[in-house]
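Tertiary structure, described
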Amino acid sequence: MKKIYAFDFDGTLTTKDTLIEFIRYAKGSMALGLGFMRYAHLLVLMKIGLYPNYKAKQKVFAHFFKDTTLDDFNALCQAFGASSSHLLRPNAIEAINHAIKEGSEVLIVSASIDNWVQPFFPQVKVVGTQIEVIDGKLTGRFLSKNCYGQEKVNRILSLYPNRQDYHLTAYGDSRGDKEMLAFADESHFKPFR
């Protein structure tokens, strides 16, 4: 039977939220602080469940990256990945490498934008939130649903629809991973701390 390993990214494979770290890398700490102050009310409402996660995230993302060319954005993502390996948990990297060596399929299933997750793991498939690009520029909107909660399961099923054909092992650390962990044959909550 095929073995598939699905790893959440932020908090599971990393020690910090990479949305915040990517904005800090791209725009600086001052701009990060000012931008988050502008949307603090939405972020608070999101945390207490009164405002959808994807809407808050999309507004913050658009504030910082709307009208950026895709080439410039991807160059930032590559540079961020190359300079941010310190954010990765060493024992999580060992688990990924072990799964690859045994010949299993490995997925990173993340609510983060796949453009900045992929450079951390060029050898594995990243299933993340995708961004809308029109005429070579970011619109600030998401092309796909935010890859969070049930959407993580939906994305796995879109890649591997015949659930009886594989053994799924999932790793996560937050509410956004709950459905993926429940869907798996074997699940690990906060395994790399």
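A count of helices and strands for the chain gives nine helices and seven strands. Relative to the globule expectation of 16 Å for 193 residues, the C-alpha radius of gyration of the chain, 17 Å, shows essentially globular dimensions. Viewed in the frame of its principal axes, the chain has a C-alpha envelope of about 50 × 35 × 35 Å. Relative to its full complement of 193 residues, the chain shows a buried share of 48%. In the structure as shown, the chain presents an accessible area of about 9,600 Å², 54% of it carried by carbon and sulfur atoms. Computed over 24 positive and 20 negative side-chain charges, the inter-centroid distance for the chain is 6 Å.

Attention now goes to the layout of surface pockets. A probe matching the size of a water molecule, rolled over the atoms, marks out where space remains unfilled. Within this model, the largest pocket holds a volume of roughly 730 Å³. In this structure, the largest pocket is lined by 26 residues; those nearest its centre are Asp 17, Met 46, Lys 47, Asn 53 and Tyr 148. Looking at the lining of the largest pocket element by element, the count peaks at four residues for helix H4 (residues 53-65). Tallied by class, the residues present in the lining of the largest pocket amount to nine nonpolar, seven polar and ten charged.

This paragraph deals with the side chain of Arg 163. Along the chain, the position of Arg 163 falls in the loop between helix H8 (150-159) and strand S6 (166-172). A distance of 2.9 Å separates the side chain of Arg 163 from the side chain of Asp 185, its partner in a polar contact. Residues contacting Arg 163, with those up to four places away along its chain left out, are Leu 168, Phe 183, Ala 184 and Asp 185.

Right, let's talk about the environment of Ser 83 for a bit. Within the element layout of this structure, Ser 83 appears in helix H5 (residues 70-83). On the accessibility criterion, Ser 83 (39% relative accessible area) is partly exposed. Counting along the chain gives 46 residues from Ser 83 to Met 37, while the straight-line C-alpha distance between them is 27 Å.

It is worth spelling out the pairing of strand S2 (residues 105-113) at this point. Within a regular beta strand, the side chains point alternately toward one face of the sheet and then the other, so they alternate between its two faces. Of all nine residues that make up S2, eight are buried, and the element is covered over most of its length. By the bridge criterion, four bridges tie strand S1 (residues 2-7) to S2 in an arrangement that is parallel. Directly across from Ala 6, in S2, lies its bridge partner Leu 107. Bridging between S2 and strand S3 (residues 125-129) involves four bridges; their strand directions are parallel. Bridge assignment links Ile 113 to a residue of S3, and that residue is Thr 129.

Calculation criteria
- Residues numbered from 1 in each chain as written.
- Predicted model: local features only at pLDDT ≥ 70, side-chain atom pairs only at ≥ 80, totals over all residues.
- Heavy atoms only, no water.
- Helix = DSSP H or I, 4+ residues; strand = E, 2+ residues; numbered from the N terminus.
- Rg over C-alpha atoms; globule rule 2.2 N^0.38 Å.
- Buried < 20%, exposed > 50% of the residue type's maximum accessible area, 1.4 Å probe, protein only.
- Areas by Shrake-Rupley, 256 points an atom, 1.4 Å probe, with all protein chains shown as cover.
- Lys, Arg positive; Asp, Glu negative; His and termini not counted.
- Charge placed at Lys NZ, Arg CZ, Asp CG, Glu CD.
- 1 Å grid on protein atoms, 1.4 Å probe; cavity = no way out; pocket = protein on both sides within 12 Å on 5 of 7 lines; lining within 4 Å.
- Points joined across faces, edges and corners; volume = space filled by probe spheres on them.
- Nonpolar A, V, L, I, M, F, W, Y, C, P; charged D, E, K, R; others polar.
- Polar contact = N/O pair within 3.5 Å; in protein donor to acceptor, adjacent residues only side chain to side chain.
- Contact = heavy atoms within 4.5 Å.
- Pairing = 2+ DSSP bridges.

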